[in-house]
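Structural characterization, general
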Amino acid sequence: MSVYFVSDLHLKPERPDLTRAFLHFLHTIQEDADSLFLLGDIFEAWIGDDAPTPGLESLITQLKSLSDNGCKIFFQHGNRDFLVGESFMQMIGATLLPEITTEHLPVGDAVILHGDQLCTDDQEYMQFRSLVRDSAWQQEFLSKSLEERLSIARQLRDTSKQRTTEKSDYITDVNPHTVKQTLDDSKVTLMIHGHTHRPAIHEIDLNGQQAKRIVLGDWDQLGWYLKVDSDGFDLISFEIKKAAD
Ligand code: MN
């Protein structure tokens, strides 16, 4: 029995190779996956469960059949797909998790999160985050027409991309103090997150205790996943083949 984690696939219509790679991944894990955690930014953009999702039909079907066959699927919001809602969860047979949660894994308890919450040096982003995670803001956004929502989402994405390229590396990475605080608050010595696109396994000294922070990678030229079973964990990357299309 294995537990799998992925994040930051950033699926979008322009990259059908990523969706195909994910479908293939789901196929390879279906025999031994006890649970699958989708830790955010699975989708490059999400403007509401009522918006069309071109190119995602077979993915939705496959996730649902994975779940119907007994694999528990969990979903955490990322900073791009934070508007994924309960009706999409039902479509794929998944459970929406709180943005920070402690889970029992075969290797012990771990705190899991998308990871943007850890980038507290990026004050501008943290401000933006509290705006768009506000339920009143979300309700108002979701009440707009699809066209309006698309145009607002595009604007927000362009501004964010432009600003991110202007920021130094340390600002867009996690703040070490926030990491320790989050581990402390959760009373665990293992953290799993994505978001920073800096896949690694970090050893942390947590007040004399040894802790680990596992960072998932984003999917682009390579795909990344974390496999956890009673033997331990493996952070695995593989090549994503670009088909001729
Ligand atoms: Mn992210």
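Quantities reported herein were computed from a predicted structural model and do not represent experimental measurements.

Another aspect to go through is the packing of aromatic side chains. A full pass over the atoms with the stated rule returns 15 aromatic pairs. Plain terms: the ring middles of F22 and W219 are 5.8 Å apart, the flat faces sit at 90 degrees to each other, and that makes the pair edge-to-face. Here W219 lies in the loop between β9 (209-215) and β10 (222-229) and F22 lies in helix α1 (residues 16-29), a separation of 197 residues in the sequence. Each member of the pair F22 and W219 is classed as buried. The rings of Y4, F22, F25, W219, Y225 and F238 are connected pair by pair, giving a single aromatic cluster.

In this structure, the largest pocket occupies an estimated 990 Å³ of space. In this structure, the largest pocket is lined by 40 residues; those nearest its centre are N79, R80, S160, K161 and T164. Counting residues per element, the ones that place at least two in the lining of the largest pocket are α4 (123-132), α5 (135-142) and α6 (146-166). Among the elements that line the lining of the largest pocket, the one with the most residues is α6, at 8 residues. Residues belonging to the lining of the largest pocket are distributed by class as follows: 16 nonpolar, 9 polar and 15 charged. Around the second largest pocket, the lining comprises 24 residues; the ones closest to its centre are K12, P13, A45, P52 and P54. Those elements that provide at least two residues to the lining of the second largest pocket are α1 and α6.

Cut-offs applied
Residues numbered from 1 in each chain as written. Predicted model: local features only at pLDDT ≥ 70, side-chain atom pairs only at ≥ 80, totals over all residues. Heavy atoms only, no water. Phe/Tyr/Trp six-rings, centres within 6.5 Å; stacked < 30°, edge-to-face > 60°. Helix = DSSP H or I, 4+ residues; strand = E, 2+ residues; numbered from the N terminus. Buried < 20%, exposed > 50% of the residue type's maximum accessible area, 1.4 Å probe, protein only. 1 Å grid on protein atoms, 1.4 Å probe; cavity = no way out; pocket = protein on both sides within 12 Å on 5 of 7 lines; lining within 4 Å. Points joined across faces, edges and corners; volume = space filled by probe spheres on them. Nonpolar A, V, L, I, M, F, W, Y, C, P; charged D, E, K, R; others polar.

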